[in-house]
Amino acid sequence: MSVTLHTNLGDIKCEVACDEVPKASENFLALCARTGKGGTSIWGKKFNDEIRESLKHNARGTLSMANSGPNTNGSQFFITYAKQPHLNGLYTVFGKVIHGFEVLDIMEKTQTGQGDRPLAEIRINRVTIHANPLAG
C-alpha cells in the first residue's frame, strides 16, 4: 500500500509496510481515509508498539508512530529528515517516503520556534490512498 500526503507545501508519496506492522498500518490508513486532526487511534485507545528488526530509522523519510512511551501509539506520526538510529526500538516504523523528497527538504528548512514547532503552518490537506505503491 501507499499514500500520497497532499500538504500545503506539495505532495509526499509514502509506502506503508502493511505486512510487517499490520496494526500501525491499519490505524494510519484508516485515519488517512478520514484525514482528522489528531486524537486517538481508530480503536479509541492507545495500542502496542510493533517494533520490527527489519524496519529501522536508517534513512531520510522514515515514517514512525509518535508516542509518549512504550505501547502508547495513538494517531500521530512523524517523518525523519535523516537516519535516527537512537529511535530504533522506541518507535514503530511503518513506512517510508518514496517520492516527494523535495517537499521534505522544504519542511526541513522551515524555521521553528518554541518546542521546535514550525513558525509557518505545515498542513496535510488531504490524502490519496493507493493499493499499489507503483500506481500513480
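Predicted model, so just to flag it, every value in this text is computed and none were measured. (Residues numbered from 1 in each chain as written. Predicted model: local features only at pLDDT ≥ 70, side-chain atom pairs only at ≥ 80, totals over all residues. Heavy atoms only, no water.)

(A) Seen up close, the sheet that holds strand β3 (residues 62-65). Strand order in the open sheet made by the six strands is β4-β3-β5-β2-β1-β6, with antiparallel pairing throughout. The open sheet has two edge strands with one neighbour each: β4 (77-79) and β6 (124-130). Each strand axis lies, on average, 30° off the axis of its neighbour in the sheet, ignoring direction. Looking at chain direction, strand β1 (residues 2-7) and strand β2 (residues 10-16) are connected through six bridges and run antiparallel. Bridge pairing links His6 to Asp11 in β2. On top of the sheet, helix α2 (residues 101-109) reaches β1, β2, β4 and β5 (93-99); it is set at about 115° to β2, its chief contact. (Pairing = 2+ DSSP bridges. Helix = DSSP H or I, 4+ residues; strand = E, 2+ residues; numbered from the N terminus. Axes fitted to C-alpha atoms, helices over the stretch in contact; angles between N-to-C directions. Contact = heavy atoms within 4.5 Å.)

(B) Up close: the pattern of salt bridges. Scanning all chains against the criterion turns up six salt bridges. Taking the shortest distance from any N to any O, the salt bridge between Glu50 and Arg52 comes out at 4.0 Å. We classify Glu50 as buried; its relative accessible area is 8%. A relative accessible area of 31% means that Arg52 is categorised as partly exposed. Here Arg60 ties to Glu108 by a salt bridge, and the two come within 3.0 Å at their closest N and O atoms. Of this pair, Arg60 sits in the loop between α1 (22-34) and β3 while Glu108 sits in helix α2, and the two are 48 residues apart along the sequence. Judged by relative accessible area, Arg60 falls into the partly exposed class, the value being 25%. Judged by its relative accessible area of 40%, Glu108 is partly exposed. One connected set of salt bridges, linked through shared partners, spans Arg60, Asp105 and Glu108. (Salt bridge = Lys/Arg side-chain N within 4 Å of Asp/Glu carboxyl O. Buried < 20%, exposed > 50% of the residue type's maximum accessible area, 1.4 Å probe, protein only.)

(C) A look at the confidence of the model for the chain. Chain-level pLDDT for the chain is 93 on average; 95% of the residues reach the 70-or-more range. The spread of mean pLDDT over the elements of the chain runs between α1, the lowest at 93, and β3, the highest at 98. (pLDDT = per-residue confidence, 0-100.)

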